Amino acid sequence: MWLCLAAITFCAPAMADTSYPLKAHEAPDFALHAIAGGNVRLSEHRGDVVILSFWGSRCTPCRAQLEALNRTLATYRSAGLQVYGINVDDDQTRAIAYAHGESVTFPLLLDPQKAVSRSYQVDNLPMTLLIDRNGVIRNVTRDHNAKSEELFLQQLRALLNE
Amino acid sequence: MQYVFEHRKASLLRAWSRLATAAVFSICACVTAPAVLAQDAAAAPSASAGTSAPAAAVPAPVAAGTAPAPTAAAPSAAGSKAAGPKPAGPKPAATKAAVSKASATAASAATASKASAGTAPLTAEMPGADAASPAGGAAAGTNAAVPANAADAAAQGDAATPPDTRGLDQEVQGLKKDVVDLNRELFVLEEELLFPANTQVAVFVSMDVGDFFALDSVTLKIDQKEVINYLYTPREVEALLKGGVHRLYLGNLKVGKHELVAFFSGKGPNDRDYKRGATLKFEKGIGAKYLELKINDRQRKQQPEFEVKDWE
């Protein structure tokens, strides 16, 4: 029984990872408005490792995820890391209030028509994608906890070293 | 046209596969080159030992005269047979057979020269072996000294001579160029297929100065139907300000009268949100139609100006 439990524990992240249909595919390009102003286009960041985090203002783990990503960005920015948070709320006022209230240093983007969320097949919040320097989706994380964060950091370091 | 398109696609795929194969070969060459060089370098001193013996020098012209083609390979190969050490590297089975045959007939130089004259590259190596065998003592003497020298020479060869992969590099570069050319032709064919000249309409955006307007997005409607909404990033705006022209839209329209409406959004004077529109009624004839959305600064009014220009 313990063996089965251990197998499920270890296999669950991998199963979740492989079930993402866009993994190992080129990340769909997009251009979105940033809350702080200006527009961001993904294809302009070829050559950088990019983290995309889809989040909602009512989702508590999403906020924890954004804070963790903020710390990660502070550490690895000089190694060529870019982080973008993509808000999927219908009502953007909460997202804008959050953006002005929190000290997140990376751009928070608005996707009011959900076109980008649909193209990335977002099925869970938070959902964090790791895109390599060639614009290929390498990993996806659908949860935020200490274990998944550690695994995510390992994957990120490996990508930055490529 | 469809056939040509498919044909081009197939040739592009073939070129890619050739490029991949060439890349694999170049990598293999880079990996194996040092080992080959070490083997050659180990063989080199034994060749010199072989030619230094007077008896070895004599039959060489015979071999050169009878079989001219393999003479280039003969000195080193013959040397390696005559005095080269066994551990210099693995030899082909046919070469080993030739060596054993040569030692068996070592007593008769005439027989050996006949054998070398009669046949192909491998037998052309025999004169060296035959030449060494009469001077057996000398050959044995050099044999003892060679392994250490060979190891030194191999080390020197590794350090001094880099692997020569220039030919492969050039081939790979040539294939890359072919792929780029094919890709370009494919792109042109694709555009001709999807947007034939008779129905093609292209809309471009250009910007001059930009002191009174910071462009954020352009929404384009043709015949009251939104065809594109494009967000401009700061980099793209910078490129436009440097004189760049952006192709905003490429599509098809039938011959006749049409209406184009463009909405420009951004920051206007005093950093205020600014949204303006521009309209153009145009007639599409036979042939491609090119339209330009120009953003200018009007100094007198301290306002931006939006203009739609029809390129004749």
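Everything here concerns the structure above.
Quick caveat: nothing in here was measured; it's all calculated off a predicted structure. (Residues numbered from 1 in each chain as written. Chains lettered and ligands numbered in written order. Predicted model: local features only at pLDDT ≥ 70, side-chain atom pairs only at ≥ 80, totals over all residues.)

(A) Seen up close, the overall build of chain B. For chain B, the count of helices and strands is 11 helices and 8 strands. In chain B, buried positions account for 21% of the 312 residues. Sequence-distant contacts in chain B: of pairs separated by 6 or more residues, those separated by 24 or more amount to 77%. (Helix = DSSP H or I, 4+ residues; strand = E, 2+ residues; numbered from the N terminus. Buried ≥ 20, exposed ≤ 12 C-beta atoms within 10 Å, placed from the backbone. Contact = placed C-beta atoms within 7 Å.)

(B) Highlighting the overall build of chain A. A count of helices and strands for chain A gives 5 helices and 7 strands. Starting at the N terminus, the α and β elements of chain A follow one another as α-β-β-β-α-β-α-β-α-β-β-α. Across the 162 residues of chain A, 31% fall into the buried class. Residue pairs at least 24 apart in sequence account for 69% of intrachain contacts in chain A once pairs closer than 6 positions are excluded.

(C) Layout of the nonpolar core. Ranked by size, the top nonpolar core spans 36 residues in total, and within it L52, F54, I86, L129 and I131 of chain A carry the most contacts. Top contributing element to this core by residue count: strand 3 (residues 49-55) of chain A, with 6 residues. Setting aside chain neighbours within four positions, we find L129 of chain A in contact with L52, Y120, I137 and V140 of chain A. Counting residues in each nonpolar core, the second largest holds 18 residues, with V201, L260, F264 and I295 of chain B among its members. (Core = buried A, V, L, I, M, F, W, Y, C linked by C-beta atoms within 7 Å.)

(D) Up close: the sheet that holds strand 2 (residues 39-41) of chain A. Residue and element names in this part refer to chain A. One open sheet holds the 7 strands; their spatial order is 2-1-5-4-3-6-7, and the pairing between them is mixed. Each edge of the open sheet is held by one strand with a lone partner, namely strand 2 and strand 7 (137-141). Within this sheet the neighbouring strands show an average axis-to-axis angle of 30°, counted without direction. On the sheet, helix 2 (residues 60-76) packs against strand 3, strand 4 (81-87) and strand 6 (127-131) and is oriented at approximately 165° with respect to strand 3. (Pairing = 2+ DSSP bridges. Axes fitted to C-alpha atoms, helices over the stretch in contact; angles between N-to-C directions.)

(E) Here's a closer look at the interface of chain B and chain A. With 6 residues of chain B in contact, the opposing surface of chain A contributes 7 residues. Looking at side-chain class alone, the side of chain B that touches chain A contains 3 nonpolar, 1 polar and 2 charged residues. (Nonpolar A, V, L, I, M, F, W, Y, C, P; charged D, E, K, R; others polar.)

(F) Fine view of the packing of helix 2 of chain A against helix 5 (residues 146-161) of chain A. All names here are of chain A. At a minimum axis distance of 12 Å, the contact between helix 2 and helix 5 shows a crossing angle of 30°. Taken together, the axes of helix 2 and helix 5 are roughly parallel relative to one another. Handedness of the crossing formed by helix 2 with helix 5: right-handed. Of helix 5, the residues touching helix 2 (which contributes A68, T72 and Y76) are E149, L153, L156 and L160. Grouping the amino acids of the contact of helix 2 with helix 5 by side-chain chemistry returns 5 nonpolar, 1 polar and 1 charged. (Parallel < 35°, antiparallel > 145°, perpendicular 65-115°, else oblique. Left-handed = near helix turned anticlockwise from the far one by under 90°.)

(G) Region of interest: the environment of P126 of chain A. Residue and element names in this part refer to chain A. For P126, the position within the fold is in the loop between helix 4 (115-119) and strand 6. For P126, a count of 24 C-beta atoms within 10 Å puts it in the buried group. Sequence separation between P126 and P61 is 65 residues, and the spatial gap between their C-alpha atoms is 6.7 Å. In contact with P126, other than residues within four places in its own chain, are S53, F54, W55, C59, P61, C62, Q65 and H144.

(H) Broad picture of helix 5 of chain A. All names here are of chain A. Its 16 residues give helix 5 an end-to-end C-alpha distance of 23 Å, which sits within 8% of 22 Å, the value for a rise of 1.5 Å per residue. All of the buried residues along helix 5 are F152, L156 and L159. Viewed end-on, helix 5 has its buried residues packed into an arc of 60°, placing them on one side of the element. Among the exposed residues of helix 5, those oriented more than 90 degrees off its buried face are A146, K147, E150, Q154 and N161. (Expected span 1.5 Å × (residues − 1). Arc of directions from axis to C-beta.)

(I) Representation of the sheet that holds strand 7 (residues 289-298) of chain B in the model. All names here are of chain B. Strand order in the open sheet formed by 4 strands is 4-1-7-8, and the pairing between neighbours is mixed. Taken across any chain shown, the strands that pair with only one partner, and hence form the sheet edges, are strand 4 (246-252) and strand 8 (303-311). Sheet twist, expressed as the mean angle between neighbouring strand axes with direction ignored, is 15°. Packing against the sheet, helix 11 (residues 234-241) makes contact with strand 1 (200-207) and strand 4, and its axis sits at approximately 85° to strand 1.

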